[in-house]
Amino acid sequence: MAGVAYIGVGSNVGDAFENCLQGMRAVIDNERATFVALSSLYRTSPVSPVVQSDFLNCALKIAWRGTPRELLSFLQEVEAALGRDRGVRFGPRTLDLDILFFDDLVLDTPGLTIPHPRLHQRKFALVPCLEIDPGLVHPRFGRPLAEYLRELGDEQKIAPFGKVPADRIGSAKAGDAPEGGGG
Ligand code: A4P
Ligand code: MG
């Protein structure tokens, strides 16, 4: 099995910028992953009952030669390698890598739900995905992502933090699309 995945990337511990970059580099370095597109980075307010620092978030779009389950295991290895402490749910994290979409797949299994079950309620996931593809439709609910974003109030703050040149995460080495490429 193979497919195109949107990966949500987030960090709010230590050097969040470097953590996101290193995490994405590790993903692209995997022989089963091919770079497709990368959103800007955004500074976002924590969506959490736990008081914590702002996050940096972005979305990375890749082609993955393997199953969604294999992608999840691999992303968890990358999180662990970068010092992720799973102590507090919704708590601060060095690096969080979530599978947001995998093609148009709708999947409910123990330990893996696709699309990510909360992405449509969260600006930090919606805005980066919509930057890559403004026409994205939620495969489970059949609704354009842009509609979910319009319905969210002002409580969640999100501000552009900057663009990462695609070669900073090694996509040039993978020999693929230029920055912002793909859709
Ligand atoms: N899991 C199920 N489906 C998926 C999927 N599609 N992708 C399971 C990734 N993981 C998935 O996740 C818990 C379990 O979810 C995993 O074992 C996996 O089997 P986790 O990463 O270990 O723990 P977590 O991230 O603390 O919990 P959870 O429920 O994934 O939290 P969320 O929903 O990911 O929220 N605010 C801002 N501004 N920016 C953020 O990035 N992140 C969170 C985490 C909360 N608030 C945030 C941010
Ligand atoms: Mg998570």
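Note that this is a predicted model, so its numbers are computed, not measured. (Residues numbered from 1 in each chain as written. Chains lettered and ligands numbered in written order. Predicted model: local features only at pLDDT ≥ 70, side-chain atom pairs only at ≥ 80, totals over all residues.)

1. Here's the deal with the overall build of the protein
When its secondary structure is counted, the protein shows five helices and 10 strands. Relative to a compact globule of 183 residues, whose C-alpha radius of gyration would be 16 Å, the protein shows 15 Å and is just as compact. By its C-alpha atoms, the protein is 40 × 40 × 35 Å across when sized along the principal axes. Every one of the 183 residues in the protein was classed for burial, and the buried ones make up 37%. By sequence separation, contacts in the protein at least 24 residues apart represent 72% of the contacts at least 6 residues apart. (Helix = DSSP H or I, 4+ residues; strand = E, 2+ residues; numbered from the N terminus. Rg over C-alpha atoms; globule rule 2.2 N^0.38 Å. Buried ≥ 20, exposed ≤ 12 C-beta atoms within 10 Å, placed from the backbone. Contact = placed C-beta atoms within 7 Å.)

2. Overview of the site of ligand 1
Around ligand 1, 22 residues are found, and the nearest of them are Gly 10, Thr 44, Phe 55, Ile 99 and Gly 111. Within the residue set of the shell around ligand 1, elements represented by two or more residues are strand S4 (55-65), strand S5 (96-102) and strand S7 (112-114). Grouping the amino acids of the shell around ligand 1 by side-chain chemistry returns nine nonpolar, eight polar and five charged. (Near = placed C-beta within 6 Å. Nonpolar A, V, L, I, M, F, W, Y, C, P; charged D, E, K, R; others polar.)

3. Side note on the environment of Pro 92
If you trace the backbone, Pro 92 turns up in the loop between helix H2 (68-81) and S5. Between the alpha carbons of Pro 92 and Leu 71 there is a distance of 23 Å; along the sequence they are 21 residues apart. When residues no more than four places from it in sequence are discounted, the contact partners of Pro 92 are Asn 12, Val 13, Gln 52 and Ser 53.

4. Looking at the confidence of the model for the protein
Residues with a pLDDT of 70 or more make up 91% of the protein, whose mean pLDDT is 91. Predicted confidence for residues 173-183 stays below pLDDT 50, and this span has 22 contacts to residues more than four positions away or in other chains. (pLDDT = per-residue confidence, 0-100.)

5. So, the nonpolar core
By size, the foremost hydrophobic cluster in this structure holds 47 residues, and its most contacted members are Ala 5, Ile 7, Val 27, Ala 59, Leu 60, Ile 62 and Leu 100. The set of elements that each furnish at least two residues to this core consists of strand S1 (2-11), helix H1 (16-29), strand S2 (33-38), strand S3 (41-44), S4, H2, S5 and helix H3 (123-132). (Core = buried A, V, L, I, M, F, W, Y, C linked by C-beta atoms within 7 Å.)

6. Concerning the environment of Ala 16
Among the secondary structure elements, Ala 16 is positioned in helix H1. Taking the C-alpha atoms as reference, Ala 16 lies 7.4 Å from Phe 55; in sequence the two are 39 residues apart. Apart from the residues lying within four places of it in its own chain, the contact partners of Ala 16 are Ser 11, Phe 55 and Leu 56.

7. Some words on H2
For H2, which comprises 14 residues, the first-to-last C-alpha distance of 20 Å matches the rise-based estimate of 20 Å (1.5 Å per residue) to within 8%. Those residues of H2 lying buried are Pro 68, Leu 71, Leu 75, Val 78 and Glu 79. Projected down its long axis, H2 shows its buried positions confined to an angular sector of 100°, all on one face. Next to the buried residues of H2 lie S1, H1, S4, S5, strand S6 (107-109) and S7. (Expected span 1.5 Å × (residues − 1). Arc of directions from axis to C-beta.)

8. Observations concerning H1
With 14 residues, H1 should cover 20 Å at 1.5 Å per step; its first-to-last C-alpha distance of 20 Å lies within 8% of that length. Regarding H1, the residues found buried are Ala 16, Asn 19, Cys 20, Leu 21, Gly 23, Met 24, Ala 26, Val 27 and Ile 28.

9. Focus on the pairing of S4
Most of S4 is tucked away, with nine of its 11 residues classed as buried. In this structure, S1 lies alongside S4, joined through 10 bridges in antiparallel fashion. Bridged to Gly 3 within S4 is Trp 64. In this structure, S2 lies alongside S4, joined through five bridges in antiparallel fashion. Residue pairing across strands places Phe 35 opposite Ile 62, the latter belonging to S4. (Pairing = 2+ DSSP bridges.)

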